[in-house]
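Commentary on secondary and tertiary structure
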Amino acid sequence: MMMAVLSSFWRDQRGVAGAEMALMTPLLLILMFAPMELGNFYWSQHKISKGVRDASRYAARLPFAVFEDYECGDEIADAAIATPIKNLALSGAINGGTAKIQDWDLDDVAIFKICRDQALDGSGDNFVNTGIYTGVANAPIVRVEAVVTYPSLFESLGFDATDIQMTAHSESAVMGL
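Now for a look at the structure at hand.

Basis of the calculations
- Residues numbered from 1 in each chain as written.
- Predicted model: local features only at pLDDT ≥ 70, side-chain atom pairs only at ≥ 80, totals over all residues.
- Heavy atoms only, no water.
- Core = buried A, V, L, I, M, F, W, Y, C linked by side-chain atoms within 4.5 Å.
- Buried < 20%, exposed > 50% of the residue type's maximum accessible area, 1.4 Å probe, protein only.
- Contact = heavy atoms within 4.5 Å.
- Salt bridge = Lys/Arg side-chain N within 4 Å of Asp/Glu carboxyl O.
- Helix = DSSP H or I, 4+ residues; strand = E, 2+ residues; numbered from the N terminus.

Some details on the nonpolar core
Counting residues in each nonpolar core, the largest one holds 28 residues, and the members touching the most others are Ile48, Ile85 and Trp104. Once you skip the residues sitting within four places of it in the chain, isoleucine 85 turns out to touch Ala55, Tyr58, Ala59, Leu62, Ile111 and Val144.

Below you can see the structure in the form of structure tokens.
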């Protein structure tokens, strides 16, 4: 009797398509939405990199006098100097505006004065101190950095990306123009 019931159960084809669909749906959803999430990640990273690059170029055109009060490696903390640079990185406008990335704010951007007073090999022989850098002991270089938490497309569906950090940095030699 028991064998007949089991044999009948194994031969029954009703509901097979529903069971197969239930097994395949998660895989199909991943294959459909993962490329969108990955594309959003790369697009967001590109916007951050471009913003930081634009901000460092802008900061490099500031006069040498702006950087004289800072030692090599110091963060530029003066709001009158830093805020327009940070605004440019975040929104593309010196006066500020809507951030290019959700939840990206001024605190996520840092600006540093770094100096290259010697060659990377430590010898100091290859340091260029000609042109606009003639007579400048520690030619200033401005470094703009950003660390932003990735805003996932599917955060509302439970995809937790709060531990994914996007970073970018850019350096430009101060030209003092």
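Let's talk about the pattern of salt bridges
Summed over the entire model, instances satisfying the criterion amount to four salt bridges. Close ionic contact of aspartate 54 with arginine 57 constitutes a salt bridge, the shortest N to O distance being 3.8 Å. On the criterion of helical spacing, the pair formed by aspartate 54 and arginine 57 is a turn pair, its members being three residues apart in helix H2 (residues 16-60). Judged by its relative accessible area of 22%, aspartate 54 falls in the partly exposed class. Overall, arginine 57 belongs to the partly exposed group, its relative accessible area being 46%.

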